[in-house]
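# Structural overview for review
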Amino acid sequence: KFLCKLDGFDNEWHEAKNGVANFTNLDAGDYIFRVRGTNNDGVVNKTGDYVLLTISPPFWKTAWFYLLCIIVVSSAFYTAYRYRVNQLLKMERMRTRIATDLHDDIGATLSTISMMTHIAEQSDVKTEKEFLQNIGENSRGLIDRMDDIVWSLKPSNDSLEKIFIRLRNYALPLMNAKNISFQTKFSDALVNKKIGMNERQNIYLIAKEAINNLLKYSECTEAELEMNYKNGKLILLIADNGKSISENKMREGNGLLNMKQRAEQLHADLKISSEHLKATKIELHLKIG
């Protein structure tokens, strides 16, 4: 027979049944396993023998794992903090940009209306009528711009499909008024694609400016508006079969400079191609999720 005990776990001697000693739920640490034997007469060997044992802790109870957890948790908190700060900065920049737009665009228009009203009060009937017409046009334009700003601020308008529908609804009656055949196409791959407020405002205003230029200068009979999706990019296309844009106007006039600046804000590619004396095609390529 054999008697055994495990110093550091149990100080009592136990008989090893069939020569086997079992110890369960041992904590990590150092132990001494002691064994004594008895002969057939029951005389116990008081000296016995021993084995030094070291139980290693599971990895989730090691110091390096605790340190790793602290690092991961700290990194998560820091990442969340930086994300929150970046969102606040982004919102602040957006508010500043909207305030600038309101001041520069709408403020200037209101100043023009005020000046025209003052002049009209001191003019003859014919001149007064012309000024009143200009005031009406500026007022309607102001209402349109305010409507665009309010629309872009609404979170419910964060999908590309909403932008496409608004552009189509804006362009269709104007195209019909000029007897222009107007074709539209929206890719099914874009149905669930959503974008931020800054992106949707710039995309909408770029497309709206292109449509206005088309209506004012192209003298076309056919036009098209498309939104496609290819290789992770939105491709916005506005094309017509009318007069071409001269190289000079392409660089300087007709709101093209504003369109290019808005494209730069989006980090997007704006491609303007125009054949000699005919047809113009404007493409915006923007990487989206």
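Further up the page is the structure itself.
On the basis of which strands lie adjacent, the open sheet formed by four strands has the order β2-β1-β3-β4 and antiparallel pairing. Of all the strands in the sheet, the pair left with one neighbour each is β2 (10–15) and β4 (49–55). Direction aside, the axes of adjacent strands within the sheet are offset by 20 degrees on average. Alignment of strand β1 (residues 2–7) against strand β3 (residues 29–37), held across six bridges, turns out to be antiparallel. Within β3, the residue paired with Asp7 across the bridge is Ile32.

Once that is clear, we can look at the pairing of β2. Sheet analysis places β1 next to β2, joined by three bridges and oriented antiparallel. What sits directly across from Cys4, in β2, is His14. The hairpin turn running from β1 into β2, its antiparallel successor, is two residues long, and Gly8 in that turn takes a positive phi close to 95 degrees.

The N-to-C vectors of helix α4 (residues 197–218) and helix α6 (residues 256–265) enclose an angle of 160 degrees; their axes lie 9 Å apart at closest approach. When the axis of α4 is compared with that of α6, the two are roughly antiparallel. Like other packed secondary-structure pairs, α4 and α6 cross with a definite hand, here left-handed. Together, Asn202, Leu205, Ile206, Glu209, Ala210 and Asn213 of α4 and Leu256, Met259, Arg262, Ala263 and Gln265 of α6 make up the contact between the two elements. Of the residues assigned to the contact of α4 with α6, the class counts are six nonpolar, three polar and two charged.

As a further point, take the packing of aromatic side chains. What characterises a pair of aromatic rings is the spacing of the ring centres plus the angle enclosed by the ring planes. Inspection of every chain in the model, using the stated rule, returns six aromatic pairs. Measuring from ring centre to ring centre gives 6.0 Å for Phe9 and Phe23, while their planes differ by 90 degrees; the resulting arrangement is edge-to-face. In this pair, Phe9 sits in the loop between β1 and β2 while Phe23 sits in the loop between β2 and β3, placing the two residues 14 residues apart along the sequence. Its relative accessible area of 40% is what places Phe9 among the partly exposed residues.

Evaluation of the coordinates by the stated rule reveals three salt bridges. In this structure, Arg34 and Asp7 form a salt bridge, with 2.5 Å as the shortest nitrogen-oxygen distance. Residue Arg34 is located in strand β3, and its partner Asp7 is located in strand β1; the two are separated by 27 residues in the primary sequence. Residues Glu219 and Lys243 are paired through a salt bridge, measuring 3.3 Å at the closest nitrogen-oxygen approach. Of the two residues, Glu219 sits in the loop between α4 and β6 (222–230) while Lys243 sits in the loop between β7 (233–240) and α5 (247–252), which places them 24 residues apart along the sequence. The exposure class assigned to Lys243 is partly exposed, which follows from its relative accessible area of 44%. When salt bridges that share partners are traced, they join Lys5, Asp7 and Arg34 into one network.

Each value, and the rule that gives it
- Residues numbered from 1 in each chain as written.
- Predicted model: local features only at pLDDT ≥ 70, side-chain atom pairs only at ≥ 80, totals over all residues.
- Heavy atoms only, no water.
- Pairing = 2+ DSSP bridges.
- Helix = DSSP H or I, 4+ residues; strand = E, 2+ residues; numbered from the N terminus.
- Axes fitted to C-alpha atoms, helices over the stretch in contact; angles between N-to-C directions.
- Parallel < 35°, antiparallel > 145°, perpendicular 65-115°, else oblique.
- Left-handed = near helix turned anticlockwise from the far one by under 90°.
- Contact = heavy atoms within 4.5 Å.
- Nonpolar A, V, L, I, M, F, W, Y, C, P; charged D, E, K, R; others polar.
- Phe/Tyr/Trp six-rings, centres within 6.5 Å; stacked < 30°, edge-to-face > 60°.
- Buried < 20%, exposed > 50% of the residue type's maximum accessible area, 1.4 Å probe, protein only.
- Salt bridge = Lys/Arg side-chain N within 4 Å of Asp/Glu carboxyl O.

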